[in-house]
Amino acid sequence: MSNLKAAVIGTGFIGPVHIEALRRIPEVELEAVASLDIESARSVAKKFSIPKVYSTWKDIIEDNQIQVVHNCTPNNLHFEINKAVILSGKHIISEKPLTLTSKEASELLKLVKEKRVVNAVNFNYRFYPLAQQARTMVEKGELGNIYLVHGNYLQDWLYYDTDYNWRVESASGGKSRAVADIGSHWCDLLQFITGQRIKSVFADLLTFHKTRKRPLREVSTFKGKEEIKASEFEDVQVDTEDAAIVMLQFEGGARGVFTVSQVSAGRKNYFIFEIDGSRRAISWNQESPNDLWVGYREKANELMIKDPSLLSENARKYAHYPGGHPEGYADGLKNLFMNVYDFIRLGKDPIVEKADFPTFEDGYNEIQIVEAVIISNQEKRWVDVQYK
Ligand code: SOE
């Protein structure tokens, strides 16, 4: 099997995270990086020794050497770029959310099937060894019937009204912010682990900063905490939510609730869940990802520590170091990408073969959940998710 040539579009927060993960996969050759901010593209290319630098994503499409494209641009560019990549016949790994609307996502879903390109969405949190272990435990019936699925995803990088980023504006980030940006990860992971899709939602969306101070220059994700002088701001109305509380009904009968927030002081990337079943419960925290709590009524609780020798066979393949050697965020992306690149290198047909990574279909479903959340908040009622 030969190596594959990849390109990354976008050099904000997540583009370099993709590049670092790809650099750790020997079968991938990083061929090019593109950004409108050519200085940033040049500096990333230099740092990671990437031979080609482009100032527009269109050059990536036209470069016949490139076989796989990573779309790491702001949300409002996902549709146009993903579409062009698919039409060029290249394989695509897109950042989430897949597009801004389900109509756009539906068009992409149709196109990937027509062009038979391998397609993936970066729902990276599935690929922690203990997230995979949790899935295996549910599959084997170790939790019994699932009663409740609950948790949160809390951050503080948009805590002050002076914190800003393109995600705050619906024109570039989409109508939903906290739910689409981080709630999407929570929903994806919990559906993956439980094997149950979210059937219906009841949502309360909250915007605490109705006005924010927009810096007169671009501020990338998580960088708002750096000091910017008051004279460099202008006031803007905010039309996306800072936080949300969403009740859930799952197709398999489980019930749940999650809270997401980007204004929770002290919480950096506090993504936690608990699943309460009829035989036991499990709980996991993304910030301590090498521990899985298992709760019992009839005996002492357990703490499972990530250790390949103790993991299920499926989870073991995502653990690269022995027990006691922590693995985390960067490894999740690497694991996801390894599955995608192996799928391509093995010449698997994306229509026939089941993918072991999140596809555009998962991306489409996720947008349907976000749209149901928006309607529920507006109409103050349970709303069913519109799957295909
Ligand atoms: C910002 O909220 C962000 O970078 C998300 O966009 C990512 O998907 C999440 O993994 C971390 O936080």
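Because the structure is predicted, anything quoted here is derived from the model rather than measured. Residue indices begin from 1 for each chain and proceed along its sequence in written order. Where local features are concerned, this predicted model is filtered to residues with pLDDT of at least 70; where side-chain atom pairs are given and counted, the filter is 80 or more; whole-chain, interface and lining totals use all residues. Values shown for side chains rest on all heavy atoms present in the structure; no hydrogens or waters enter the calculation.

Draft legend 1. Up close: the domain arrangement of the protein chain. As far as domains go, the protein chain holds domain 1 (4-123) and domain 2 (126-334 + 367-384). Segmentation of the chain into domains, including their bounds, is taken from an automatic or database domain assignment. Averaged C-alpha coordinates put domain 1 and domain 2 at centres separated by 24 Å. Contact residues are listed per partner, giving 20 residues for domain 1 and 23 residues for domain 2. Together, the buried faces of domain 1 and domain 2 total about 1,900 Å²; carbon and sulfur atoms form 60% of this surface. Accessible area, probed at 1.4 Å, shrinks when two parts are joined; the buried area is that loss added up over both. A per-residue breakdown of the area domain 1 buries against domain 2 is headed by F13, R24 and F123, which together make up 36% of the total. In what follows, salt bridge is the name for a side-chain nitrogen of Lys or Arg lying within 4 Å of a carboxyl oxygen of Asp or Glu. The interface formed by domain 1 and domain 2 includes two salt bridges. Whether two residues are in contact is decided by their heavy atoms: any pair within 4.5 Å suffices.

Draft legend 2. The arrangement of the sheet that holds strand β12 (residues 255-261) in detail. Pairing between strands requires that DSSP locate at least two bridges from one strand to the other. In this description a helix means any DSSP run of H or I spanning at least four residues, a strand means any run of E spanning at least two, and both kinds are numbered starting from the N terminus. One open sheet accounts for nine strands, arranged β16-β15-β14-β13-β7-β12-β11-β8-β17; its pairing is mixed. The open sheet is flanked by β16 (302-305) and β17 (383-384), the only strands paired with a single partner. With eight bridges connecting them, strand β8 (residues 198-206) and strand β11 (residues 243-250) associate as antiparallel partners. Residue pairing in the sheet places A203 in a bridge with V246 of β11. Along the sheet, helix α6 (residues 129-139) contacts β7 (146-154), β13 (270-277), β14 (281-285), β15 (291-295) and β16; its crossing angle with β15, the most-contacted strand, is approximately 30°. Sheet contacts for helix α8 (residues 178-194): β7, β8, β11, β12, β13 and β14; angle to β13, the most-contacted strand, approximately 35°. For helices, the fitted axis covers only the stretch in contact; all axes are lines through C-alpha atoms, and the angles between them, taken along N-to-C directions, range from 0 to 180 degrees.

Draft legend 3. Inspection of the nonpolar core at higher detail. Nonpolar cores were defined as sets of buried Ala, Val, Leu, Ile, Met, Phe, Trp, Tyr and Cys residues, with membership established by side-chain atoms within 4.5 Å. Relative accessibility under 20% of the residue-type maximum defines a buried residue, over 50% an exposed one, and the middle range a partly exposed one, all with a 1.4 Å probe and only protein chains included. Formed by 52 residues in total, the largest nonpolar core has its most connected members in L189, I198, F273, I275 and I282. With ten residues, the top contributor of residues to this core is α8. Look past the residues within four positions of L189 in its chain and what remains in contact with it is Y125, R126, A131, F271, F273 and W284. In terms of nonpolar packing, the next biggest core, distinct from the first, is built from 31 residues, I19, I93, V118 and F127 among them.

Draft legend 4. Fine view of unusual backbone geometry. With an omega dihedral of -10°, the bond running from K96 to P97 counts as a cis peptide bond. You can see P97 is positioned in the loop between β5 (91-94) and α5 (102-115). Backbone geometry at S49 places phi at a positive 50°, although glycine is not the residue there. Mapping S49 onto the fold places it in the loop between α2 (38-48) and β3 (52-54). The class of S49 is exposed, set by a relative accessible area of 57%. Notably, R116 is not glycine yet its phi reads approximately 50°, a positive angle. Positionally, R116 belongs in the loop between α5 and β6 (119-121).

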